[in-house]
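# Chains, contacts and geometry: an overview
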Amino acid sequence: MNDMRIVERKVDANEVKISARTCQVYYGDTHAIKDVDVDIQDKTVTAFIGPSGCGKSTFLRCLNRMNDTIDICRVEGDIHLDGEDIYDPKVDPVQLRAKVGMVFQKPNPFPKSIYDNIAYGPRIHGLAKTKADLDEIVEKSLRRGAIWDEVKDRLHAPGTGLSGGQQQRLCIARAIATEPEVLLMDEPCSALDPIATAQVEELIDELRARYSVVIVTHSMQQAARVSQKTAFFHLGNLVEFGETGQIFTNPQDPRTESYITGRIG
Amino acid sequence: MTDATANPVQPDGRKHGSLLQQDARIKRRNASEARFKFYGILAVATGLFFLVALLWAIISNGTGAFSQTYLTVQVELLESKLDKKGNRDIADIKKVSTFGYTPLIQDALLKEVQDRGIETEFAKKKDMKALISASAAAQVRDHVIANPDLIGQTVEFRVLASSRVDGYLKDRVSRESVARDKNISPAHLDLTDALVEAGVIKKIFNLDFILGSDASDTRPEAAGMGVSMLGSLFMMLVVLGLSLPIGVAASIYLEEFAPQNRWTDLIEVNISNLAAVPSIVFGILGLAVFIQFAHLPQSAPLVGGLVLTLMTLPTIIIATRASLKAVPPSIRDAALGVGASKMQSVFHHVLPLAAPGILTGTIIGLAQALGETAPLLLIGMVGFIASNYPEGVLDGFVAPNSAMPAQIYEWAKRADPAFYERAWGGIIILLVFLITMNIIAIILRRRFERRW
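Because the structure is a prediction, the values reported are computed rather than measured.

Calculation criteria
Residues numbered from 1 in each chain as written. Chains lettered and ligands numbered in written order. Predicted model: local features only at pLDDT ≥ 70, side-chain atom pairs only at ≥ 80, totals over all residues. Heavy atoms only, no water. Helix = DSSP H or I, 4+ residues; strand = E, 2+ residues; numbered from the N terminus. Rg over C-alpha atoms; globule rule 2.2 N^0.38 Å. Buried < 20%, exposed > 50% of the residue type's maximum accessible area, 1.4 Å probe, protein only. Contact = heavy atoms within 4.5 Å. Areas by Shrake-Rupley, 256 points an atom, 1.4 Å probe, with all protein chains shown as cover. Lys, Arg positive; Asp, Glu negative; His and termini not counted. Charge placed at Lys NZ, Arg CZ, Asp CG, Glu CD. pLDDT = per-residue confidence, 0-100. Patch = residues over 30% accessible without salt bridge, like charges linked within 9 Å, V, L, I, M, F, W, Y side chains within 5 Å. Salt bridge = Lys/Arg side-chain N within 4 Å of Asp/Glu carboxyl O. UniProt positions renumbered as here; feature names shortened; annotations may be inferred. Buried area = accessible area lost by both parts, 1.4 Å probe. Polar contact = N/O pair within 3.5 Å; in protein donor to acceptor, adjacent residues only side chain to side chain. Domains from an automatic or database assignment. Phe/Tyr/Trp six-rings, centres within 6.5 Å; stacked < 30°, edge-to-face > 60°. Lys NZ or Arg CZ within 6 Å of the ring centre and 35° of its normal. Axes fitted to C-alpha atoms, helices over the stretch in contact; angles between N-to-C directions. Parallel < 35°, antiparallel > 145°, perpendicular 65-115°, else oblique. Left-handed = near helix turned anticlockwise from the far one by under 90°. Nonpolar A, V, L, I, M, F, W, Y, C, P; charged D, E, K, R; others polar.

### A few points about the overall build of chain B
Broken down by element type, chain B carries 19 helices and three strands. Relative to the compact-globule value of 22 Å for 452 residues, chain B shows a C-alpha radius of gyration of 32 Å, a clear excess of over 25%. C-alpha atoms of chain B, sized along the principal axes, occupy 110 × 70 × 40 Å. The buried share of chain B, taken over its 452 residues, is 43%. In chain B, of all internal contacts separated by at least 6 residues, the share reaching a separation of at least 24 is 76%. When the accessible area of chain B is evaluated, it comes to approximately 24,100 Å², of which 63% is carbon and sulfur surface. Across chain B, the centroid of the 44 positively charged side chains sits 8 Å from that of the 41 negatively charged ones.

Structure, rendered in structure tokens:
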């Protein structure tokens, strides 16, 4: 871990976007997430790290209620977005997901054109009144997704025909087309090569200016490169949460230290 | 097996022998692999052999039904016989039955024989009966009723030859076989030969077999598939109209929305079981529920369609669920991730991707229903039922009719070998339909298939 670059950046804002308190997740009888308390700040990249099966992806999926689609999954405790309980019975998960966008591990563009991939979200949420509005949203999203220059000449080509890295940036552009406030990323670079990974990481850093980004990653170098806050999960517990620099240079918990030095995981 | 035994150490102390020499174990393994391949080829070849034999049998037996022997005769439509009052009143003309026309046709044929100077022992018009189909008189009568002005004139008609003459031209009837036949004598066959040479008797393409209706036991030469084809068509409309929406809706609900619990498990198991229920069980269910309880008309394509819908539903549901399952979950996640509702994700993304599979399943289900006979026997869609085309669309659904496979079954069990040929011909038509449907399924699948 000697090559680890630790980015020392000033955290821009300290406003809490999402706060979880005593969050528990059960899959049937398995207690997958135990008593997690975490505050995710606005305009910050927060990284979740930890060994496989530690619950970091499960917790991420709680933040936009994607776990609702799994029948046996049960979530307890409080998760608040801007002070509102997202598990309140009055909350419609569809509305929540428009606010909390998600990018998945494997690039999953719809088998439609690049244009339709981006336009789908705005269309179903009624964000564009005219074709011109929609065109503008598509262009803006693709520019923010740092893929506009590569696809502007072939907007009507299928999105599935792009390379893996391009597909993932397309998915990021699709996620930000609905103007979310939080962007959840579940190992967005694990299926990409180093060059595409670098592009996506650069993009994540740019996105920080507008959104609160939560990223799950297996790569500690990546967490160190892109995040300002890091949370270390182990066996369903949130072991340590703090400034990225502090977690990697001066971990408080022996388990964190063991993990980042490669002794467990 | 023997693979587990360790390699023996070679005499010179090396662990493995030369690569250029196969050891006994490798030889055995290769031999068993070669044997297995041979069994596979043998199995495929056997299957192909039976397929070819079947096709050959169908085509060689069935092509005869697509040609038919006709007589061309100049019939003198005598006013004294057909319109005694001479006032061309259609009601009076209709009073003359086919018995009034039969002698005229026989007379015309006898005249043809005598005019051409064909030597024969037959001098009476009664003797011509053996050559002319019993339905010829009805054909002439229908034509006269449609055109009463023709009475008094001599009109050329092309009428059906009797099935014995037809069989003689198709090598089904020989002089030996007619020796004890009271319908026709060897001398008639000599006359037939002469008339063929004179061009009076001709074998031509049999459009009536494809478009016509079934005929009674004594007139195999007039029997056709057309009306039962319509019966099948109306049944398929019922099956498609009911089983596709019901099947797809049920599958989408079970696959995408239903919670996983004991009830849905029970439903799933039962759908799979229903697919294996013998079709005759559905037939008796249809008889009990639709005819005896609901008092729907007997022998109607509507009822047949309902029964076949019950039979096809499990097939469509299973195929649809399989193709919904085959859509990668990442597409659902992607749709939900941008804030689509469950229904939007299903209808905008999952269903279009599953469409080729659903269409294929539906068409295969329909093809299965098209070829189904047993349930139709129980609801009375069989036998010499429909001799007329349905009058309009509604009539097509509720008027008694048969269906293609039931018609074939009916012909196959009749005594006259001329019907046997009809049955094979019917199978050719049925197979053409099935192959067409399968080709449509393949084309649709190719067209709608999308890769991701």
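Alright, that's what it looks like, and here's the rest.
### Some points on the confidence of the model for chain A
Considering every residue of chain A, the mean pLDDT works out to 87; 94% of them sit at 70 or more. Low confidence marks residues 8–13 of chain A, where pLDDT is under 50. Its contacts with residues over four positions away, or in another chain, come to 15 contacts.

### Description of unusual backbone geometry
Residue and element names in this part refer to chain A. A positive phi angle, close to 50 degrees, is found at K43, a residue other than glycine. Topologically, K43 is positioned in the loop between strand 2 (30–41) and strand 3 (45–49). The exposure class of K43 is partly exposed, given its relative accessible area of 30%. Not every positive phi belongs to a glycine, and R65 is a case in point at roughly 60 degrees. As for its position among the elements, R65 is in the loop between helix 1 (56–62) and strand 4 (73–81). Residue classification places R65 among the buried residues on the basis of a relative accessible area of 12%.

### As for a positive patch on the surface
All names here are of chain B. Where like charges cluster on the molecular surface, the positive patch consists of K81, K84, K124, K125, K126, K129 and K182. In this structure, K81 sits in helix 2 (residues 79–82). Since its relative accessible area comes to 41%, K81 is described here as partly exposed.

### Here we look at the UniProt feature "transmembrane region" (unreviewed entry) in chain B
All names here are of chain B. If you check UniProt for "transmembrane region" (unreviewed entry), the listed places come out as residues 38–59, 233–254, 274–294, 300–319, 350–371 and 423–444 in our numbering. Across residues 38–59 one finds 100% helix and 0% strand; the C-alpha atoms that close the span lie 31 Å apart. Along residues 233–254 one finds 100% helix and 0% strand; the C-alpha atoms at either end are 31 Å apart.

### Let's talk about the environment of A:R143
Summarising the element assignment, A:R143 is placed in helix 4 (residues 131–144). Here the alpha-carbon distance between A:R143 and A:A173, two residues 30 residues apart in the chain, equals 8.0 Å.

### Quick notes on the interface of chain A and chain B
Counting residues at the interface gives 23 residues for chain A and 20 residues for chain B. Contact between chain A and chain B buries roughly 1,700 Å² in total, counting both sides, with carbon and sulfur atoms accounting for 61%. Per-residue buried area on chain A facing chain B is highest for A:F110, A:P111 and A:Y120; these three make up 29% of the total on that side. In this structure, the connection of chain A to chain B is made through zero salt bridges. If you look at where chain A meets chain B, you find four residue pairs in polar contact (both at pLDDT 80 or more). Sorting the residues of the side of chain A that touches chain B by element identifies helix 2 (93–99), strand 6 (100–103) and helix 3 (114–125) of chain A as the ones contributing at least two each. Counting residues per element, the side of chain A that touches chain B draws most heavily on helix 3 of chain A, at four residues.

### A short note on the domain arrangement of chain B
Residue and element names in this part refer to chain B. Considered domain by domain, chain B is made up of domain 1 (66–205) and domain 2 (226–448). One C-alpha centre belongs to domain 1, the other to domain 2, and the line joining them spans 45 Å. Of the roughly 490 Å² buried at the junction of domain 1 and domain 2 (both faces included), carbon and sulfur atoms supply 50%. Looking only at domain 1, the three residues that lose the most surface to domain 2 are F66, Q68 and R172, adding up to 73% of its buried area. Applying the counting rule to domain 1 against domain 2 returns three salt bridges. With a shortest N-O distance of 3.7 Å, D416 and R164 are connected by a salt bridge.

### Things to note about the side chain of A:D186
Residue and element names in this part refer to chain A. Position of D186 relative to the elements: it lies in strand 7 (residues 182–186). Of the side chains bearing the opposite charge, R61 lies closest to the buried D186, which forms no salt bridge; the N-O distance is 5.1 Å. Excluding anything up to four places from it in sequence, D186 contacts S57, L60, M102, V103, F104, Q105 and V216.

### As for the packing of aromatic side chains
Enumeration over the complete set of coordinates arrives at eleven aromatic pairs over all chains. Both rings, one in A:F59 and one in A:F233, keep their centres 5.8 Å apart while their planes meet at 40 degrees; by these two values the pair is tilted. Remark: A:F233 occurs in strand 9 (residues 229–234) and A:F59 occurs in helix 1; sequence separation between them is 174 residues. The burial state of A:F59 is the same as that of A:F233; both residues are buried. For the ring pair B:F49 and B:F50, a centre distance of 5.6 Å and an interplane angle of 65 degrees mean the geometry is edge-to-face. For B:F49, a relative accessible area of 54% translates into the label exposed. Overall, the relative accessible area of 53% leaves B:F50 in the exposed class. Joined through ring pairs, the aromatic side chains of A:F48, A:F59 and A:F233 make up one cluster. A cation over a ring is seen here: A:R174 above A:F110, with NZ or CZ 4.5 Å from the ring centre. Taking the ring centre of B:Y70 as reference, the NZ or CZ of B:R158 above it sits at 5.3 Å.

### With respect to the packing of helix 3 of chain A against helix 4 of chain A
Residues and elements named next belong to chain A. Two numbers describe how helix 3 lies on helix 4: the axes approach to 9 Å, and their chain directions differ by 110 degrees. For the element pair helix 3 / helix 4, the angle class is roughly perpendicular. Judged by the sense of rotation from one axis to the other, the crossing of helix 3 with helix 4 is right-handed. The segment helix 3 lies against helix 4, with I114, Y115, I118, A119, P122 and R123 engaging K131, L134, D135, I137, V138, S141 and L142. Looking at the contact of helix 3 with helix 4, its residues break down into nine nonpolar, one polar and three charged.

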